[in-house]
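# Secondary and tertiary structure notes
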Amino acid sequence: MVCLGNICRSPLAEGILKHRAKEAGLDWVVDSAGTNGYHVGEAPHRLSQKVAKLNGIDICDQRARRFVKEDFDRYDKIYAMADDVLDEIKWIAKEKYNPAKVDLFLNELHPGKNKSVPDPWYGTEPGYHEVYKLIDETCDAIISKYANVQIEK
Ligand code: 4NP
């Protein structure tokens, strides 16, 4: 799960998908990162923590890290929260970029629409609730789609 700062959107996506996968008995490794390094080492934004907690999900132990090209070796699927994030992923990954592993996150909810999760960073609390709902619905779609898929190594 990749966004710009790894403090607002992708920590929610990591927390929600981990929670859903656990509920579904799936042994998935879910992680998140940001393409810019401005917030490395920081906990998620307080409003992301707040909306997660209101929905029964605790993300306070997460710490921001920067996306690295080696993430293409470590993970089967890489979701970009927005189109600008996708551009940055390509730029960081360079020769390791593998388009087969990457998609815009919201394409799992609205296939082929190439929509972006709005960035709540510049806004107020209602924006975080809106983003939570979008991410939550998309995580449900991901669980339904991949729960029975075996990935070949
Ligand atoms: P995020 O939001 O990508 O959802 O974590 C942002 C957080 C910080 C900044 C940009 C987006 N920033 O420029 O510091």
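Treat the numbers as computed from the prediction; the structure is a model and nothing was measured. (Residues numbered from 1 in each chain as written. Predicted model: local features only at pLDDT ≥ 70, side-chain atom pairs only at ≥ 80, totals over all residues. Heavy atoms only, no water.)

Time to look at the overall build of the protein chain. A tally of regular secondary structure across the protein chain gives 5 helices and 4 strands. What you see in the protein chain, going N to C, is helices and strands ordered as β-α-β-α-α-β-α-β-α. In terms of overall dimensions, the protein chain is globule-like: its C-alpha atoms have a radius of gyration of 14 Å, near the 15 Å expected for 153 residues. If one aligns the C-alpha atoms of the protein chain with their principal axes, the spans along those axes are about 40 × 35 × 30 Å. Counting the 153 residues in the protein chain, one finds 45% classified as buried. Carbon and sulfur atoms provide 50% of the accessible area of the protein chain, an area that totals close to 8,300 Å². Distance from the positive charge centre (22 side chains) to the negative charge centre (25 side chains) of the protein chain: 1 Å. (Helix = DSSP H or I, 4+ residues; strand = E, 2+ residues; numbered from the N terminus. Rg over C-alpha atoms; globule rule 2.2 N^0.38 Å. Buried < 20%, exposed > 50% of the residue type's maximum accessible area, 1.4 Å probe, protein only. Areas by Shrake-Rupley, 256 points an atom, 1.4 Å probe, with all protein chains shown as cover. Lys, Arg positive; Asp, Glu negative; His and termini not counted. Charge placed at Lys NZ, Arg CZ, Asp CG, Glu CD.)

Time to look at the site of the ligand. Around the ligand, the neighbouring residues are Cys3, Leu4, Gly5, Asn6, Ile7, Cys8, Arg9, Tyr38, His39, Asp119 and Trp121. Here an oxygen atom of the ligand sits 3.0 Å away from a polar atom, N or O, in the main chain of Ile7. Interatomic distance of 3.1 Å between a side-chain N/O atom of Asp119 and an oxygen atom of the ligand. In isolation the ligand has 350 Å² of accessible area, and contact with the protein removes 92% of it. Using a 2 Å cut-off from the grid points, one finds that the ligand occupies the second largest pocket. Looking at side-chain class alone, the shell around the ligand contains 6 nonpolar, 3 polar and 2 charged residues. (Near = heavy atom within 4 Å. Polar contact = N/O pair within 3.5 Å; in protein donor to acceptor, adjacent residues only side chain to side chain. 1 Å grid on protein atoms, 1.4 Å probe; cavity = no way out; pocket = protein on both sides within 12 Å on 5 of 7 lines; lining within 4 Å. Sits in = over half its atoms within 2 Å of the grid points. Nonpolar A, V, L, I, M, F, W, Y, C, P; charged D, E, K, R; others polar.)

To continue, consider the environment of Leu17. Of note, Leu17 is situated in helix 1 (residues 9-23). Accessibility expressed as a relative area gives 5% for Leu17, which makes it buried. Between the alpha carbons of Leu17 and Met1 there is a distance of 9.5 Å; along the sequence they are 16 residues apart. In this view, Leu17 contacts Met1, Trp28, Val30, Cys139, Ile142 and Ile143; residues no more than four positions away in its chain are not counted. (Contact = heavy atoms within 4.5 Å.)

What follows deals with the side chain of His39. When you line up the elements, His39 lands in the loop between strand 2 (33-34) and helix 2 (46-54). Here His39 falls in the buried class, since its relative accessible area comes to 15%. Excluding residues that lie within four positions of it along the chain, His39 makes contacts with Gly5, Ile7, Ala64 and Trp121.

On the UniProt side, "domain: Phosphotyrosine protein phosphatase I" (unreviewed entry) is annotated at positions that read residues 2-145 here. Across residues 2-145 one finds 42% helix and 7% strand; the C-alpha atoms that close the span lie 20 Å apart. (UniProt positions renumbered as here; feature names shortened; annotations may be inferred.)

Looking now at the pattern of salt bridges. Tallied over the full model, the rule gives 13 salt bridges. A salt bridge links Asp119 to Arg9, with the shortest nitrogen-to-oxygen separation between them at 3.4 Å. With Asp119 in the loop between strand 4 (102-104) and helix 5 (125-146) and Arg9 in helix 1, this residue pair connects regions lying 110 residues apart in the sequence. (Salt bridge = Lys/Arg side-chain N within 4 Å of Asp/Glu carboxyl O.)

Next up on the list: the layout of surface pockets. Taken as a whole, the second largest pocket spans an internal volume of roughly 160 Å³. As for the second largest pocket, its lining consists of Cys3, Leu4, Gly5, Ile7, Cys8, Arg9, Asn36, Tyr38, His39, Asp119, Trp121 and Tyr122. A breakdown of the residues in the lining of the second largest pocket according to their chemical character gives 7 nonpolar, 3 polar and 2 charged. (Points joined across faces, edges and corners; volume = space filled by probe spheres on them.)

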